[in-house]
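# Coordinates in review
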Amino acid sequence: MNSQCVIIGIAGASASGKSLIAKTIYEELCRDLGTDQIGVIAEDAYYKDQKHLSMDERVKTNYDHPKALDHEHLCRHLKALKAGEAVEIPKYSYSEHTRMDETIKMTPKKVIILEGILLLTDPKLRELMDASVFMDTPLDICFMRRLKRDVAERGRTMESVMSQYTDTVRPMFLQFIDPSKQYADIIVPRGGKNRIATDILKTRIQHLLDR
Ligand SMILES: Nc1ncnc2c1ncn2[C@@H]1O[C@H](COP(=O)(O)OP(=O)(O)O)[C@@H](O)[C@H]1O
Ligand SMILES: O=c1ccn([C@@H]2O[C@H](COP(=O)(O)O)[C@@H](O)[C@H]2O)c(=O)[nH]1
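In this report, we go over the structure that sits alongside the text.

Reading the values: the criteria
Residues numbered from 1 in each chain as written. Chains lettered and ligands numbered in written order. Predicted model: local features only at pLDDT ≥ 70, side-chain atom pairs only at ≥ 80, totals over all residues. Heavy atoms only, no water. Near = heavy atom within 4 Å. Polar contact = N/O pair within 3.5 Å; in protein donor to acceptor, adjacent residues only side chain to side chain. Areas by Shrake-Rupley, 256 points an atom, 1.4 Å probe, with all protein chains shown as cover. Helix = DSSP H or I, 4+ residues; strand = E, 2+ residues; numbered from the N terminus. Nonpolar A, V, L, I, M, F, W, Y, C, P; charged D, E, K, R; others polar. Core = buried A, V, L, I, M, F, W, Y, C linked by side-chain atoms within 4.5 Å. Buried < 20%, exposed > 50% of the residue type's maximum accessible area, 1.4 Å probe, protein only. Contact = heavy atoms within 4.5 Å. Phe/Tyr/Trp six-rings, centres within 6.5 Å; stacked < 30°, edge-to-face > 60°. Lys NZ or Arg CZ within 6 Å of the ring centre and 35° of its normal.

### Quick word on the site of ligand 1
Taken together, Ala 13, Ser 14, Ala 15, Ser 16, Gly 17, Lys 18, Ser 19, Leu 20, Arg 145, Arg 149, Gly 192 and Lys 193 make up all the residues around ligand 1. Within the backbone of Ala 15, one N or O atom sits 2.7 Å away from an oxygen atom of ligand 1. A distance of 3.0 Å separates an oxygen atom of ligand 1 from a polar atom in the backbone of Gly 17. Protein coverage of the free-state accessible area of ligand 1, which is 560 Å², stands at 74%. At the level of elements, helix 1 (18–33) and helix 5 (139–153) are the ones that each hand at least two residues to the shell around ligand 1. In terms of residue count, helix 1 provides more of the shell around ligand 1 than any other element does, three residues in total. Classifying every residue of the shell around ligand 1 by side-chain character gives three nonpolar, five polar and four charged.

Quick look at the structure:
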């Protein structure tokens with residue numbers, strides 16, 4: 001069976017507002033389509049399993065380099081969902097820096113919103129997307145938001161957020177993420193609360209569903 005499944009990819013820097021815009025579109029479309037028909041998948045769920053590494057080693061991983069992610073696994077899941085099959089999405093722990101034992105079942109959907117920093121760097125993922133978005137929030141704003149969020153929600157200290165940002169997050173953004181903006185269909189300035197961009201994306205999704 002080849003079910004209708006529209007996939008929208010949202011990329012951009014860490015803390016640029018990808019999750020927020022994905023959540024807003026999800027909640028607003030649920031009202032029209034029903035909660036069963038739309039799903040959000042975070043690329044972060046597909047960070048490679050690191051249970052075989054010690055905590056000291058896990059902390060040293062460069063989480064902003066494409067090789068930290070298992071895009072093959074993500075591609076297989078997207079293809080299965082498009083083919084009308086359910087998948088078991090991995091659960092990732094930011095505090096443990098590894099995959100958790102449990103998974104979350106996702107049934108096939110009419111719309112999947114995919115969000116993650118490195119999505120547009122991968123041609124295999126781009127090929128599966130019906131439309132792509134890049135959140136073009138200035139990096140200083142992203143840094144301030146990440147600092148606040150990671151200390152409040154991801155079990156980090158201010159010092160660890162600052163050193164990780166300097167050592168890997170910022171350099172990898174410049175090397176991989178920012179250049180992938182060229183592949184986006186829509187570039188969204190300011191962040192996850194951009195109302196007009198949200199409305200344009202919702203309209204585009206409706207249009208793709210009506211094909
Ligand atoms: N336009 C905005 N104004 C204020 N805070 C925002 C805005 N967009 C996002 N945030 C906040 O910034 C943090 C990072 O946003 P998030 O959507 O999690 O980013 P990402 O998914 O890109 O890492 C969150 O705490 C979020 O609530
Ligand atoms: O174990 C981990 C895994 C990821 N990270 C950081 O997360 C961000 C991506 O998530 P966003 O929600 O887009 O911010 C990435 O920049 C990694 O540095 C981590 O610190 N530890």
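Text resumes after the structure shown.
### Thoughts on the nonpolar core
In terms of nonpolar packing, the biggest core is built from 39 residues, with Ile 41, Leu 74, Leu 78 and Leu 114 touching the most fellow members. Those elements giving two or more residues to this core turn out to be strand 1 (6–12), helix 3 (71–82), strand 3 (87–93), strand 5 (111–115), helix 4 (123–128), helix 5 and helix 6 (158–177). When residues in this core are grouped by element, the largest group, six residues, is from helix 6. The contacts of Leu 114, once residues within four sequence positions are left out, are Ile 7, Ile 8, Gly 9, Ile 10, Ile 41, Leu 74, Leu 78, Leu 119 and Met 129. Core analysis: the second largest hydrophobic core is formed by 20 residues, Val 6, Val 188, Ala 197 and Leu 201 among them.

### Section: the site of ligand 2
The environment of ligand 2 is made up of 17 residues, and the closest members are Ser 14, Asp 64, Tyr 92, Arg 146 and Arg 149. The side chain of Gln 164 places a nitrogen or oxygen atom 3.0 Å from an oxygen atom of ligand 2. Out of a free accessible area of 470 Å², ligand 2 has 99% covered by protein chains. Within the residue set of the shell around ligand 2, elements represented by two or more residues are helix 5 and helix 6.

### Thoughts on the packing of aromatic side chains
Applying the stated rule across the entire model yields four aromatic pairs. Between the aromatic rings of Tyr 47 and Tyr 63, the centroid separation amounts to 5.6 Å while the plane-to-plane angle is 85°, which identifies the pairing as edge-to-face. Pair noted here: Tyr 47 is in the loop between strand 2 (38–42) and helix 2 (55–60) and Tyr 63 is in the loop between helix 2 and helix 3, with a separation of 16 residues, a long-range link. Of the two residues examined, Tyr 47 and Tyr 63, each falls in the buried class. By relative accessible area, Tyr 47 is classed as buried at 7%. Connected via pairs of aromatic rings, a cluster forms that spans Tyr 47, Tyr 63, Tyr 92 and Tyr 94. The ring of Tyr 183 has Arg 126 sitting right over it, with the charged end atom 3.5 Å from the ring centre. Above the plane of the ring of Tyr 94 lies Arg 154, whose end atom (NZ or CZ) is 3.6 Å from the centre.

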